[in-house]
Amino acid sequence: FSTGTPWLTGRRGEVVFTAALFALAVILGLAVYSDYGVGWDEENNATYGAITLDHVLGRNQDAFHYRDPGDFWHPVTGQFARTHGPAYELLLVAVERAAGLQDSPAGIELRHLCVFFTLVAGAFFFHLFCRRAFGSWKLGLLGALVFLLHPRIFAHGFHNSMDIGFLAAFTLCMHTLLRALRRPTFWRGCVHGAACGLLVDIRIAGMIMPALSVLFLALEVAAAPGRLERLRQAGRSLGGAALLFFPVVVLLWPMLW
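Note that this is a predicted model, so its numbers are computed, not measured.

Per the stated rule, a full pass over the model turns up eight salt bridges. As a salt-bridge pair, arginine 111 and glutamate 42 come within 3.4 Å of each other at their nearest N and O atoms. Of the two residues, arginine 111 sits in helix H4 (residues 105-134) while glutamate 42 sits in helix H2 (residues 42-56), which places them 69 residues apart along the sequence. Judged by relative accessible area, which is 3%, arginine 111 ranks as buried. For glutamate 42, a relative accessible area of 3% puts it in the buried group. A salt bridge links arginine 97 to aspartate 54, with the nearest nitrogen and oxygen atoms 3.1 Å apart. One end of the pair, arginine 97, is in helix H3 (residues 87-98); the other, aspartate 54, is in helix H2, and 43 residues separate them in sequence. Residue arginine 97 is classed as partly exposed on the basis of its relative accessible area of 23%. Linked through salt bridges whose partners overlap, the residues forming this network are Glu42, Glu89, Glu96 and Arg111.

Written out as structure tokens, the structure is:
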């Protein structure tokens, strides 16, 4: 970023380079998404999403998706539903059905494309997190670039819906948490609580984020000069987070209904 090209510095440069990076990421995904086959767990995840959507819509619960006597995939009583929320799989199945491509090779490719776009969204939130954490949009873009070019993550960025969905939601939570820590307000707490609810509704392991949120807010309060005022701010932020966290978790996870 030389001084001879001032239009590539400052806010304008940030917009240009950020747009270029993510546009290239989208173009790359569009070029290669059809090259990826079906992942090992992809049928399981798609089945879980399909029967959960059928359950939400009140359709026949004895559909062909139930393949074992214990109803392992049942969205309410099944073993899989105890640790895996259906929120992201519901979205993917809904997109497939809306396009009329369910149970078809084209539907699998559409699913892969949606997963990759989710990965790109996760990279964008990681970019925002790094930008805020380090105070530099250039380091933010570097973080996003490393995120997208990680070989293992990129390879899973088409077929591994459960883990990529969880990863993207986790980076979103990192971003909303950092915003709430920098300036704790009721509304920022609400946004973070909703993001944490979505994270848990993808995998139960997401419960680590609400725990970390309380821990980091407590550390912020302990380190603040005006501790009492900071405690009030943290209380408002936590109240907003709790206000949306619990309803979102229950709303998007039929097992909890």
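That was the structure; now back to the text.
In this section: helix H7 (residues 161-182). Spanning 22 residues, H7 covers 32 Å between terminal C-alpha atoms, matching the ideal 32 Å at 1.5 Å per step. For H7, a buried count of 17 out of 22 residues is recorded, marking the element as mostly surrounded by other parts of the structure.

Thresholds, definitions, all that
- Numbering of residues starts from 1 in every chain and runs along the sequence as written.
- Given that this is a predicted model, residues contribute local features only at a pLDDT of at least 70 and side-chain atom pairs are listed and counted only at 80 or more, while totals for whole chains, interfaces and linings are drawn from all residues.
- Note that water and hydrogens are dropped before the side-chain values are worked out from all heavy atoms of the structure.
- Each reported salt bridge corresponds to a side-chain nitrogen of Lys or Arg within 4 Å of a carboxyl oxygen of Asp or Glu.
- Numbering of helices and strands starts at the N terminus; helices are DSSP runs of H or I of at least 4 residues and strands are runs of E of at least 2.
- Each residue gets one of three labels from its accessible area relative to the maximum for its type: buried under 20%, exposed over 50%, partly exposed in between, using a 1.4 Å probe on protein chains only.
- Expected span of a helix: the number of residues minus one, times 1.5 Å.

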